[in-house]
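Structural characterization, general
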Amino acid sequence: MKKYLLLALVAAAYPAFAEDSRFSLGAGFDYSTGKYGGTTSTDILYIPVVAKYETDTLTLKLTVPYISVTSLGNVVRGMGVISRSTSTRTTTQSGLGDIIATAAYVVYDASGLLLDVAGNIKFGTASASKGLGTGQNDYSAQLDAFYTVDATTLFATAGHKIVGVPEGIAVNNINYGTLGVRQKLDNRHAVGLMLDAAQSPTELAPGTRELTAFITSQLSSDRKLQAGVMKGYSDASPDWGVNLMLTSYF
């Protein structure tokens, strides 16, 4: 989930137009597929609705997603394999995903450098019995840095997550990070690349490693479209994925 938090913060830190405060509502989808070190593919469709309030220094965000997972029942989005499965038949389960509340605050903004601290709570609202989530809350805190020179923004994140313990599964708290670059093409368009990495929360999967290329387009003064494609480089990550998000500002 931090990937979408960071992309939102990149846009918030350097918007295409300036406002003292603004509210936005977005919706889109994220589709991914991968074998997660096994022989059977897991397909995940994630459809978030995102409400966000931004000021010059503060960003508040609430994400309410729908999720559909076709798998053997032992893969959780963002974690990889969390249990050993004896099933050889894939099933499709769907429903409410994990609701996520996020807050970020700018602590420094001068000479092209912006620093903020952010925290989020992932509420365990996705059904563990259906294999849609762990059923537990996760808590994370991170430091984000953005450095802009002309039309180029370099950004990085370092964070720590306290992972909720599902029944019967041993998990560890993890560190995670991101490195990326965003290039503004003109007043309406920008492209970027970001690498996400995280430690493994379980002994059944390695840490996640994902490379995402993205493009943003300011369709109008109150509407933005963002699209991306992701490639995974770990058995805890999907083999590949695509995402799209349309955001309207009020």
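Residues numbered from 1 in each chain as written. Predicted model: local features only at pLDDT ≥ 70, side-chain atom pairs only at ≥ 80, totals over all residues. Heavy atoms only, no water.

Before going further, it helps to spend a moment on the nonpolar core. Core analysis: the biggest nonpolar cluster contains ten residues, these being Y36, I44, Y46, I67, V69, V75, V81, I100, A126 and L132. Elements that contribute at least two residues to this core include exactly β2 (42-55) and β3 (58-71). (Core = buried A, V, L, I, M, F, W, Y, C linked by side-chain atoms within 4.5 Å. Buried < 20%, exposed > 50% of the residue type's maximum accessible area, 1.4 Å probe, protein only. Helix = DSSP H or I, 4+ residues; strand = E, 2+ residues; numbered from the N terminus.)

Here we come to the pairing of strand β11 (residues 174-184). Pairing of strand β10 (residues 152-162) with β11 involves ten bridges; the strand directions are antiparallel. Across the sheet, residue L154 finds its bridge partner in β11, namely V181. Here β11 folds back onto strand β12 (residues 189-198) in antiparallel fashion, the turn holding four residues. (Pairing = 2+ DSSP bridges.)

A few words on the pairing of strand β7 (residues 100-110). Bridge count for β3 against β7 is six bridges, and the pairing is antiparallel. Each bridged residue has a counterpart across the sheet, and for L62 the counterpart in β7 is A101. Pairing geometry for β7 and strand β8 (residues 113-122), over ten bridges, is antiparallel. Within β8, the residue paired with V106 across the bridge is D116. Two successive antiparallel strands, β7 and β8, enclose a turn made up of two residues, where S111 displays a positive phi of approximately 55 degrees.

For the structure on display, the rule yields five salt bridges. A salt bridge links R77 to D30; the shortest N-O distance between them is 3.7 Å. In this pair, R77 sits in the loop between β4 (75-76) and β5 (80-81) while D30 sits in strand β1 (residues 21-34), placing the two residues 47 residues apart along the sequence. Of the two residues, R77 and D30, neither departs from the other in class, the shared state being buried. (Salt bridge = Lys/Arg side-chain N within 4 Å of Asp/Glu carboxyl O.)

Here we take up the confidence of the model for the chain. With 92% of its residues at a pLDDT of at least 70, the chain reaches an overall mean of 92. Within the model, pLDDT remains below 50 along residues 14-18, and this stretch shows 13 contacts once partners closer than five positions in the same chain are excluded. (pLDDT = per-residue confidence, 0-100. Contact = heavy atoms within 4.5 Å.)

What follows is about the environment of I215. Within the secondary structure, I215 sits in strand β13 (residues 208-220). When the C-alpha atoms of I215 and V191 are compared, they prove to be 4.3 Å apart, with 24 residues separating the residues in sequence. Setting aside residues no more than four positions away along its own chain, I215 makes contact with A190, V191, L225, Q226 and A227.

A few words on the packing of aromatic side chains. Per the stated rule, a full pass over the model turns up two aromatic pairs. Residues F23 and F250 carry aromatic rings whose centres are separated by 6.1 Å and whose planes lie at 35 degrees to one another, so their mutual orientation is tilted. One end of the pair, F23, is in strand β1; the other, F250, is in the segment after β15 (240-249), with 227 residues separating them in the sequence. F250 gets classed as exposed once you look at its relative accessible area, which sits at 64%. The cationic tip of R77 hangs over the ring face of Y46; the distance from NZ or CZ to the ring centre is 3.7 Å. (Phe/Tyr/Trp six-rings, centres within 6.5 Å; stacked < 30°, edge-to-face > 60°. Lys NZ or Arg CZ within 6 Å of the ring centre and 35° of its normal.)

Turning our attention to the side chain of K224. Along the chain, the position of K224 falls in strand β14 (residues 223-232). Despite its burial, K224 pairs with no opposite charge, the nearest such side chain being E54 at 6.8 Å. (Lys, Arg positive; Asp, Glu negative; His and termini not counted.)

Let us look at the environment of R188. When you line up the elements, R188 lands in the loop between β11 and β12. Accessibility expressed as a relative area gives 39% for R188, which makes it partly exposed. With 33 residues separating them in the primary sequence, R188 and S221 have C-alpha atoms 9.5 Å apart. What R188 contacts, discounting residues up to four positions off in sequence, is T216, S217, Q218, S220 and S221. Here S220 takes part through its backbone oxygen, which lies 3.5 Å from a polar atom of the side chain of R188. (Polar contact = N/O pair within 3.5 Å; in protein donor to acceptor, adjacent residues only side chain to side chain.)

Turning our attention to the side chain of N74. Mapped onto the secondary structure, N74 falls in the loop between β3 and β4. Given a relative accessible area of 11%, N74 falls into the buried group. Engagement of the side chain of N74 in a polar contact is seen with the backbone oxygen of S83, the distance being 3.0 Å. Once residues lying within four places of it in the same chain are set aside, the contact partners of N74 are G80, V81, I82, S83 and S85.

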